[in-house]
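So the chains spell out like this:
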Protein chains: 2
Amino acid sequence: MRAAVTRGGQLVVGEVADVTPGSGHVVARSLAAGICGSDLHALADFTHFAGLLDSVGVPALDPAHDCVFGHEFCAEIVDHGPDTSRTLPVGTRICSVPVIVGGGGVEQIGYSNIFPGALAEYMALQEMLLLPVPDSLGTDMAALTEPLAVGEHAVGLSGLVPGQPSLVVGCGPVGLAVIAALKGRGHGPVLAADFSPTRRRLAEAFGADEVIDPAASSPHDRWSSFGVARTVTERAGAAMFGQAITDPVIFEAVGVPGMLQSLIADAPPHSRIVVVGVCMHSDTIEPFMAVVKEIEFRFSFGYTPAEFATTLERLGAGIPGANLLVTSSVDLAGTPGAFETLRTPGEHGKILAHP
Amino acid sequence: MRAAVTRGGQLVVGEVADVTPGSGHVVARSLAAGICGSDLHALADFTHFAGLLDSVGVPALDPAHDCVFGHEFCAEIVDHGPDTSRTLPVGTRICSVPVIVGGGGVEQIGYSNIFPGALAEYMALQEMLLLPVPDSLGTDMAALTEPLAVGEHAVGLSGLVPGQPSLVVGCGPVGLAVIAALKGRGHGPVLAADFSPTRRRLAEAFGADEVIDPAASSPHDRWSSFGVARTVTERAGAAMFGQAITDPVIFEAVGVPGMLQSLIADAPPHSRIVVVGVCMHSDTIEPFMAVVKEIEFRFSFGYTPAEFATTLERLGAGIPGANLLVTSSVDLAGTPGAFETLRTPGEHGKILAHP
């Protein structure tokens, strides 16, 4: 079958082995596949990326062998493999957490040498993990379940309480997913900051209560309006005199070196910083400043199957702005060009491939 | 009066101005003063230290002017200044959070160019912050209130729940303070790790349930015994199948560069790391590893007046091991030598000065 395959460090469109479903698997036709920031990192330096996965004990990925990316997808069942219950008939559109169990154990769909991701015509999926896509939900929207679930998880991890103010730094797909989850749970005020006017418009469409251009003013200038103490001394004074204290939650959704220290330096004391952006390089911080300000970091990764299912439900019910997130789509042949485009995303949101 | 004063980057014993109490102040004779790791940092590079304080908005400290250290102390009231209630009579032994309000606002006792710390014969203290020392509690023990309160605060911040396992990395005064607070609240199992045999013995005396020499075996090898998943895959599997999950709390009480990343690399996934050690230099971490393992950092600093008071009460009731913490004492003339000794603490715990 045809696929956009990462081979020898290059993304090429060519032939890969057909899918043979194992026990408990279905064969699905890939209908729409999103390109993720992690895919861009992996393609740019696959050896480094595989090393990172290895460093955290994720099953080995050999950069010397073929890998078909694509862990954000909507697909359609075309065949049932052995030992399947066939509850969902052929033709059902489905989403799934990108995990499959093969003979060698659990594999990550999209980062596996064995199971192709959604940038191929067909893929094997684990039947027990499949979720049917509601008829009312378009295929492209359904393919956003995975990236939006990342926001659902981060907001769950944040422990945000009603009325507590939050700031989303970076309004790319990850930041927008956080905004969608925040507003889906009725949180606010939600501030959102991004240098790009397009991304700020997207943040507004997703429901951010205020959008801020950091080139014009620091988002941290806004905290006082929401009762947040700006200095260690101010907060300590409020605590000593028993005044009400409001600490903010900040979602870091940029994922480049320097972001953590810029938040340690600029965020209010006692900020809880939920790190959703995935920074794949070493980073330097000033612990003394974090200590004195009693900053808290919660690093967020992935989602649970329940959060994934909740996200698909939310999409089915309609997530404001989600329809604006996909700014372009390509066929398999256009995939290498899309990766090239996203290296400098400019005003792009999500690009989908339709294999 | 005489003091050990930091002057021109050197700690010298000499004359400083006598204490003149301001509104709401008492004059107190310093009976015992502990030397803290922060004092050692400040003396080693006062300009850098003052810059760190300035960077977090703590009132300016000018390294070009005299500063008398000493923010851990027990003292005795010798006079009441203007606008005081005189509830505690002359002769009362007292402790206090090291804060005083002068004409220029709040100052940190021990890091002020205006108010001398406890490495002087006398000091001004804020009457409303004074706590009387119970008759049954020795003066040297009372001087441990401040460093032990740091542990009380860190344990409060940790959110540790009954039965949740914890590890204290580093059993110097900060780590021992954490152990005292953990055991004071009935927590356990408490593991404690330190390279020094003396410090491991102290950790045992303070009530640690297990002490570990990291040169012999990694403390992280012990987690499986307490039901903690060691790998991302193992924990994800347990979560997916609804098994009980136990995540650990780790107290970082060393405070040197490299500690945070060593914990990111070696700690179990979903560890909550409470950073109590005060690292005064830049530090480098690998955010990707922290993200995938969903590590949490809570940076802890100081204590509230209530936590300070609780600690003094705990000392009055008896904290196991606390009597072993003071390994040496000096007079004012011996203070510069004590600072020199503590630069390579070896088997030393806390050194007290008796001005």
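So, here is what we can say about the structure in this document.

If you trace the 12 strands from one edge of the open sheet to the other, you get β12(A)-β11(A)-β10(A)-β13(A)-β14(A)-β16(A)-β16(B)-β14(B)-β13(B)-β10(B)-β11(B)-β12(B), paired in mixed fashion. The outermost strands of the open sheet, each flanked by one partner alone, are β12 (210–212) of chain A together with β12 (210–212) of chain B. Adjacent strand axes in the sheet meet at a mean angle of 20° when their direction is disregarded. Of the pairings in the sheet, the one linking strand β11 (residues 190–193) of chain A to β12(A) comprises 3 bridges and is parallel in character. Bridge pairing links Leu191(A) to Glu210(A) in β12(A). On top of the sheet, helix α5 (residues 173–184) of chain A reaches β10 (166–169), β11 and β13 (249–252) of chain A; it is set at about 160° to β10(A), its chief contact.

Right, let's talk about the interface of chain B and chain A for a bit. Counting residues at the interface gives 38 residues for chain B, matched by 39 residues for chain A. Interface area lost by chain B to chain A is led by Phe288(B), Val291(B) and Phe299(B), which between them contribute 21%. Viewed at the interface, chain A and chain B are joined by 2 salt bridges. With a shortest N-O distance of 3.6 Å, Glu296(B) and Arg298(A) are connected by a salt bridge. Of all elements in the fold, only α2 (46–55), α4 (145–158), α7 (232–240), β15 (283–285), α9 (287–292) and β16 (296–299) of chain B reach the threshold of two or more residues within the side of chain B that touches chain A. In terms of residue class, the side of chain B that touches chain A is built from 24 nonpolar, 9 polar and 5 charged. In the sheet, strand β15 (residues 283–285) of chain A pairs with β15(B) via 3 bridges, with the strands oriented antiparallel. Residue Thr284(A) lies in a different strand from β15(B), and its bridge partner there is Thr284(B).

Placing chain B over chain A gives an RMSD of 0.0 Å and needs a rotation angle of 180°, together with 0.0 Å of translation along the axis. Accordingly, the operation relating the two chain copies is best matched by a two-fold axis. Residue Thr284(B) of chain B places its C-alpha closer to the rotation axis than any other residue of that unit, at 2.2 Å. When the interface residues of chain B are mapped onto chain A, 100% of them again fall at the interface, so both copies present the same face.

What follows is about unusual backbone geometry. Peptide bonds are trans in most cases, and residues, glycine excluded, mostly fall at negative phi. With an omega dihedral of -5°, the bond running from Gly188(A) to Pro189(A) counts as a cis peptide bond. Mapping Pro189(A) onto the fold places it in the loop between α5 and β11. For Asp83(A), which is not glycine, the phi torsion reads 60° and is therefore positive. Turning to its location among the elements, Asp83(A) is positioned in the loop between β4 (72–80) and β5 (93–96). If you check the backbone angles, Arg86(B) has positive phi at about 55° while not being a glycine. One can find Arg86(B) in the loop between β4 (72–80) and β5 (93–96).

Looking now at α2(B). Note: α-helices contain 3.6 residues per turn, so residues at a spacing of three or four share the same orientation. Of all the positions in α2(B), only Phe46(B), Phe49(B), Ala50(B), Leu52(B) and Leu53(B) are classed as buried. All buried residues of α2(B) lie within an arc of 155° about the axis, which places them on one face of the element. In α2(B), those exposed residues whose orientation departs by more than 90 degrees from the buried face are Thr47(B) and Asp54(B). Contact partners of the buried residues in α2(B): α9 (287–292) of chain A together with β1 (2–7) and α1 (37–44) of chain B. In the segment just after α2(B), Gly57(B) is the residue with positive phi, at about 80°.

So, about the pattern of salt bridges. Here the structure, examined in full by the defined rule, presents 26 salt bridges over all chains. With a shortest N-O distance of 3.6 Å, Arg200(B) and Asp213(B) are connected by a salt bridge. Placement of the pair is Arg200(B) in helix α6 (residues 197–205) and Asp213(B) in the loop between β12 and α7, with a sequence separation of 13 residues. Residue Arg200(B) is classed as buried on the basis of its relative accessible area, which comes to 16%. One salt-bridge network, held together by shared partners, links Arg272(A), Glu296(A), Arg298(A), Arg272(B), Glu296(B) and Arg298(B).

The rules behind these values
Residues numbered from 1 in each chain as written. Chains lettered and ligands numbered in written order. Predicted model: local features only at pLDDT ≥ 70, side-chain atom pairs only at ≥ 80, totals over all residues. Heavy atoms only, no water. Pairing = 2+ DSSP bridges. Helix = DSSP H or I, 4+ residues; strand = E, 2+ residues; numbered from the N terminus. Axes fitted to C-alpha atoms, helices over the stretch in contact; angles between N-to-C directions. Contact = heavy atoms within 4.5 Å. Buried area = accessible area lost by both parts, 1.4 Å probe. Salt bridge = Lys/Arg side-chain N within 4 Å of Asp/Glu carboxyl O. Nonpolar A, V, L, I, M, F, W, Y, C, P; charged D, E, K, R; others polar. Least-squares fit on C-alpha atoms with pLDDT ≥ 70 in both. Buried < 20%, exposed > 50% of the residue type's maximum accessible area, 1.4 Å probe, protein only. Arc of directions from axis to C-beta.

Read these as spatial facts, not as claims about activity.
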